[in-house]
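Breakdown of the fold
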Amino acid sequence: MSRAVAAIGVGQTPFGPTAGAPTYVEMLQRSARAALDSAGLTIDDVDAIVLALAPESLMGVNHAERWCIEAIGGRLKPVMRIQTGGATGLSAIQAGYHHVASGLYDRVLVVGADRVRESGDAQKVFNKIWDPFYERALPFTTITMIAMSAVRYMHNHGMTERQMARVSVRAHHNGALNPNAHIRREVTVEEVLESRYLAWPLKLLDACPQSAGGCAAVLSSADAVEPRHDPAWISGIAMAGETYYIGDRLQPSARGYDYGDAEALAVAAEHAYAMAGITDPRSQIDAVETYASFTPVEIHNAEALGLADLGTAAALFDEGYFDLDGAQPLNPSGGVICTNPISVTAMVRFVEAVLQVQGRAGAHQVPDAKTVVATGAGGSHQFFNVAVVTSEPPA
């Protein structure tokens, strides 16, 4: 049997533009120190380290783990590097979870950082994700990839640009309450609609920023949790992957999903929910921190996570169902629309879920949050992870 695993310490740096940000190593150090301090531990109390690192083409240097690990006290400790695109941060948490759940280690530090514009415009690098013969020349970037998904969702379910703008308004409102968020200002529906187009129907205020910052978590076995700790338990965790070729996703699946939706996220959620004993997501989940770098992604993520029926979430956003004071708050931190240090963005979702369960989220705290879901997404909208964080250990 696997062992119960808890987050006993988390840390983030404030996020912002890469220009003027601390160095990569400094961000690692600050976030690692914050997580260790919140757990009342030192690096000597940690058995192993998992690093969430961006690809070399974005880092601007080869094998960053070779020169940064010693700077956070990792000399002579086991180290694992994780890279799954935007999903990296939560994939690193999942690797750390299995390190502990398997009985291999008692305490693991999961840490990462990013300076997204370190090597110039990230979108030019992202174009290299796609198959050079069939899809790269369209040309695909992460922006046009989601624009195509949004058009598909509009065609299938009738979503409007105004509904997308409503998602942005809610996200920016929440981000303004979060002291670590990169974008901290309110916007109106009209401001969103009047912002310049990136690729129709996506506009500037429908999109995430390019952020710099660090994030970390200390994961512990139940036996190593001490009375002074305030553990947040990982009661369910899973990952699922889609086909590499976007063209292969345009035909609706047997479950009714197609490229306008997020079927692999739904599959990951089903596995994580089963592990956590969640049978009714709408009544058993108090809040969600989901990886959605563009506003239409928040809409189809809500459906994939079982919070709404397929094609109905946009109307629920309009009604305020997913607002901070709504029935089921979505991205109370402001989410990826307000902060996106890509290789740790999904880890930030996990850390925010931990803070909610611990009651330490400050101005964006959801009252009495006991069960919070965090998700990640990476690649060509291809890799999805889901973690269920609870105030009580799994049964």
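Here's the deal with helix H6 (residues 142-157)
When the terminal C-alpha atoms of H6 are compared, their 22 Å separation across 16 residues agrees well with the 22 Å that a helix rising 1.5 Å per residue should span. Inspection of H6 places Thr-142, Ile-143, Met-145, Ile-146, Ala-147, Ser-149, Ala-150, Tyr-153 and Met-154 among the buried residues, and these make up the whole buried set. Looking at the buried positions of H6, the neighbouring elements they touch are helix H5 (122-126), helix H7 (161-175), strand E5 (197-199), strand E6 (202-203), helix H11 (295-304) and helix H12 (313-319). Sitting at the amino-terminal end of H6 is Thr-141, which places a side-chain oxygen 3.2 Å from the backbone nitrogen of Ile-143.

A closer look at the sheet that holds strand E9 (residues 287-289)
Strands sit in the order E3-E2-E4-E7-E1-E8-E11-E10-E9 across an open sheet of 9 strands; the sheet is mixed. What marks the edges here is a single partner per strand, and that holds for strand E3 (79-82) and E9. Taken over all neighbouring pairs, the strand axes of this sheet differ in orientation by 25° on average, direction set aside. Pairing of strand E10 (residues 371-378) with strand E11 (residues 383-390) involves 8 bridges; the strand directions are antiparallel. Across the sheet, the residue bridging to Thr-375 is Val-386, located in E11.

Considering the nonpolar core
In this structure, Leu-51, Ile-93, Leu-109, Val-111, Leu-219 and Phe-350 are the most contacted members of the largest nonpolar core, which totals 128 residues. Once you skip the residues sitting within four places of it in the chain, Phe-350 turns out to touch Ala-7, Leu-90, Ile-93, Ala-217, Leu-219, Ile-234, Ala-374, Ala-387 and Val-389.

Let's talk about the pairing of strand E2 (residues 48-52)
When a strand is regular, its side chains alternate between the sheet's two faces. In terms of residue burial, E2 counts as a mostly covered element, since 5 of its 5 residues are buried. Covered by surrounding structure in E2 are Ala-48, Val-50 and Ala-52 together with Ile-49 and Leu-51, the residues of both alternating faces. As paired strands, E2 and E3 are joined by 4 bridges and run parallel to one another. The partner of Ile-49 across the bridge, within E3, is Val-79.

Focus on the packing of aromatic side chains
For any two aromatic rings, the description comes down to two numbers: the centre-to-centre distance and the angle of the planes. Overall, the coordinates contain 4 aromatic pairs when judged by the stated rule. Ring geometry for Tyr-244 versus Tyr-245: centroids 5.0 Å apart, planes at 65°, classification edge-to-face. Ring centres 4.9 Å apart and planes at 85° place the aromatic pair Tyr-321 and Phe-322 in the edge-to-face group.

Some details on the side chain of Asp-258
Counting through the fold element by element, Asp-258 comes out in the loop between strand E8 (232-241) and helix H9 (263-276). A polar atom in the side chain of Asp-258 sits 2.9 Å from the backbone nitrogen of Gly-260. Apart from the residues within four sequence positions on either side, Asp-258 is in contact with Arg-152, Asn-156, Arg-249, Leu-250, Gln-251 and Pro-252.

Notes on the packing of H6 against H11
Running from N to C, H6 and H11 point in directions that differ by 60°, and their axes come no closer than 10 Å. Here H6 lies oblique to H11, going by the angle between them. The handedness of the crossing between H6 and H11 is left-handed. Here Ile-146, Ser-149, Ala-150 and Tyr-153 of H6 lie close against H11, whose contacting residues are Pro-296, Val-297, Ile-299, His-300 and Glu-303. A class-by-class count of the residues in the contact of H6 with H11 yields 6 nonpolar, 2 polar and 1 charged.

Here is what the cut-offs are and how they apply
- Residues numbered from 1 in each chain as written.
- Predicted model: local features only at pLDDT ≥ 70, side-chain atom pairs only at ≥ 80, totals over all residues.
- Heavy atoms only, no water.
- Helix = DSSP H or I, 4+ residues; strand = E, 2+ residues; numbered from the N terminus.
- Expected span 1.5 Å × (residues − 1).
- Buried < 20%, exposed > 50% of the residue type's maximum accessible area, 1.4 Å probe, protein only.
- Contact = heavy atoms within 4.5 Å.
- Polar contact = N/O pair within 3.5 Å; in protein donor to acceptor, adjacent residues only side chain to side chain.
- Pairing = 2+ DSSP bridges.
- Axes fitted to C-alpha atoms, helices over the stretch in contact; angles between N-to-C directions.
- Core = buried A, V, L, I, M, F, W, Y, C linked by side-chain atoms within 4.5 Å.
- Phe/Tyr/Trp six-rings, centres within 6.5 Å; stacked < 30°, edge-to-face > 60°.
- Parallel < 35°, antiparallel > 145°, perpendicular 65-115°, else oblique.
- Left-handed = near helix turned anticlockwise from the far one by under 90°.
- Nonpolar A, V, L, I, M, F, W, Y, C, P; charged D, E, K, R; others polar.

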